[in-house]
Amino acid sequence: MSSTSPNSPSTVTFAQFADSWIPEPEPVEAARERAREFGISPASPATGRFLTFLAASVQAQTVVEVGTGTGVSGAALLEGMTPGGVLTSIDTEAEYQRHAREALVSLGHEPSRARLIAGRALDVLPRMSDGAYDVVVVDADRGEYPAMLDQAKRLLRIGGVVAFLGIGEDDMVADPARRDVEAMAVKELAELMRRDADWAATPLAEGNGMLVACLRRRD
Ligand SMILES: C[S@@+](CC[C@H](N)C(=O)[O-])C[C@H]1O[C@@H](n2cnc3c(N)ncnc32)[C@H](O)[C@@H]1O
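Rules of the game
Residues numbered from 1 in each chain as written. Predicted model: local features only at pLDDT ≥ 70, side-chain atom pairs only at ≥ 80, totals over all residues. Heavy atoms only, no water. Core = buried A, V, L, I, M, F, W, Y, C linked by side-chain atoms within 4.5 Å. Buried < 20%, exposed > 50% of the residue type's maximum accessible area, 1.4 Å probe, protein only. Helix = DSSP H or I, 4+ residues; strand = E, 2+ residues; numbered from the N terminus. Contact = heavy atoms within 4.5 Å. Near = heavy atom within 4 Å. Polar contact = N/O pair within 3.5 Å; in protein donor to acceptor, adjacent residues only side chain to side chain. Areas by Shrake-Rupley, 256 points an atom, 1.4 Å probe, with all protein chains shown as cover. Nonpolar A, V, L, I, M, F, W, Y, C, P; charged D, E, K, R; others polar. Salt bridge = Lys/Arg side-chain N within 4 Å of Asp/Glu carboxyl O. Pairing = 2+ DSSP bridges. Axes fitted to C-alpha atoms, helices over the stretch in contact; angles between N-to-C directions. Patch = residues over 30% accessible without salt bridge, like charges linked within 9 Å, V, L, I, M, F, W, Y side chains within 5 Å. Lys, Arg positive; Asp, Glu negative; His and termini not counted. Charge placed at Lys NZ, Arg CZ, Asp CG, Glu CD. Right-handed = clockwise from strand over helix to strand, strands pointing away.

Caption draft 1: Here's a closer look at the nonpolar core. If you look at the biggest cluster of nonpolar residues, it comprises 29 residues, and the most contacted ones within it are Leu 125, Val 162 and Phe 164. Of all the secondary-structure elements, those providing two or more residues to this core are strand 1 (62-66), helix 6 (121-124), strand 4 (133-138), helix 7 (145-155), strand 5 (156-165), helix 8 (181-195) and strand 7 (210-215). Tallying contributions element by element places helix 7 first for this core, with 5 residues. The residues touching Leu 125, leaving out its near neighbours within four places in the chain, are Val 64, Val 66, Ile 90, Met 148, Gln 151, Arg 154 and Leu 155.

In structure tokens, the structure reads:
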């Protein structure tokens, strides 16, 4: 029987355990600090580990990320990808991407492994090749998530995986009373993924909530 009460101040939650499980390298900590300065939310350490796992599990050579930020999630993806794999990452903010580039180079990645594109995702993604990507990660404007699902389905190879991050924030999906544009878009995304049998989809409580899916076939 445990001597520690569940409400004891020394109790560590599983989320805290997961976030502290593997210490992050200094360039990633610096990228988190830059994100804080810009007022953007980077992937949590545990979400980063999940992205590394995801990329490694499909031996990803080609990954598309929407929402580069200062490079926290990109660093995690590159860590899991095959040695020559290329990350294509899109963000409207070129300044954030300069910091992301700095972080990735400090981690020892060749500059050619990260193709950082400044622009709006829904302008850039349609110019990318069909069925050419192993992983798509979306961590950007929640209002555009349903349209990004269409793009992910076109971009992924069969067996490829998509992850939409930050969908559990502020009870966006869980609270039926939330009817603002972001919440409605995320609810629509969840419904589209649930109904489309081409996806093997599941919500995950990881970080601030995500929806992940594997593309089984394309009709
Ligand atoms: C939550 S931050 C991304 C954090 C990043 N994934 C990380 O873990 O370091 C969201 C990013 O999405 C970008 N963004 C928002 N809407 C976008 C859009 N329509 N197209 C491309 N980037 C967008 C923002 O500029 C911001 O950098």
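Caption draft 2: Examining the site of the ligand more closely. Near the ligand there are 20 residues, and of these Ala 43, Gly 67, Ser 73, Asp 91 and Asp 139 occur at the shortest range. The separation between a nitrogen atom of the ligand and a polar main-chain atom of Ala 121 is 3.0 Å. Asp 139 is positioned with one of its side-chain polar atoms (N or O) 2.8 Å from a nitrogen atom of the ligand. Taking 610 Å² as the accessible area of the ligand by itself, protein coverage stands at 90%. Split into classes, the residues belonging to the shell around the ligand amount to 6 nonpolar, 8 polar and 6 charged.

Caption draft 3: Region of interest: the pattern of salt bridges. The tally for this structure, following the rule as stated, stands at 15 salt bridges. The residue Arg 195 makes a salt bridge to Glu 191 at a minimum N-O spacing of 2.8 Å. With Arg 195 and Glu 191 both in helix 8, this residue pair falls 4 residues apart, about one helical turn. What makes Glu 191 partly exposed here is its relative accessible area of 26%.

Caption draft 4: Quick look at the environment of Ala 103. If you trace the backbone, Ala 103 turns up in helix 5 (residues 94-106). The exposure class of Ala 103 is buried, given its relative accessible area of 7%. Put simply, Ala 103 and Val 58 are 45 residues apart on the chain and 24 Å apart in space, counted from C-alpha to C-alpha. Apart from residues lying up to four places away in sequence, Ala 103 is in contact with Pro 27, Ala 31 and Thr 70.

Caption draft 5: Structural context of unusual backbone geometry. Phi at Gln 59 is positive, roughly 45 degrees, even though this residue is not glycine. Mapped onto the elements, Gln 59 comes out in the loop between helix 3 (45-57) and strand 1.

Caption draft 6: Quick peek at the sheet that holds strand 2 (residues 86-91). In space, the 7 strands of this open sheet follow the order 3-2-1-4-5-7-6, with mixed pairing throughout. With partners counted over all chains shown, the strands left at the sheet margins are strand 3 (114-118) and strand 6 (199-204), one partner each. Ignoring which end each strand starts from, the neighbouring axes of this sheet average 15 degrees apart. With 5 bridges joining them, strand 2 and strand 3 adopt parallel strand pairing.

Caption draft 7: Local environment of the side chain of Thr 47. Its location among the elements puts Thr 47 in helix 3. Classification of Thr 47 as buried rests on a relative accessible area of 5%. With near-sequence residues (within four places) excluded, Thr 47 lies in contact with Leu 165, Glu 206, Gly 207 and Met 210.

Caption draft 8: Representation of a negative patch on the surface. A cluster of acidic side chains, namely Asp 141, Asp 170, Asp 171 and Glu 182, defines a negative patch on the protein surface. Position of Asp 141 relative to the elements: it lies in the loop between strand 4 and helix 7. Judged by relative accessible area, which is 37%, Asp 141 ranks as partly exposed.

Caption draft 9: The pairing of strand 1, seen in detail. Summarising burial for strand 1: 4 of the 5 residues are buried, a large majority. As defined by bridge partners, strand 1 adjoins strand 2 across 5 bridges and the pair is classed as parallel. Within the sheet, the bridge partner assigned to Val 64 lies in strand 2 and is Thr 88. With respect to chirality, the unit in which strand 1 leads through helix 4 (residues 72-80) into the neighbouring parallel strand 2 is right-handed.

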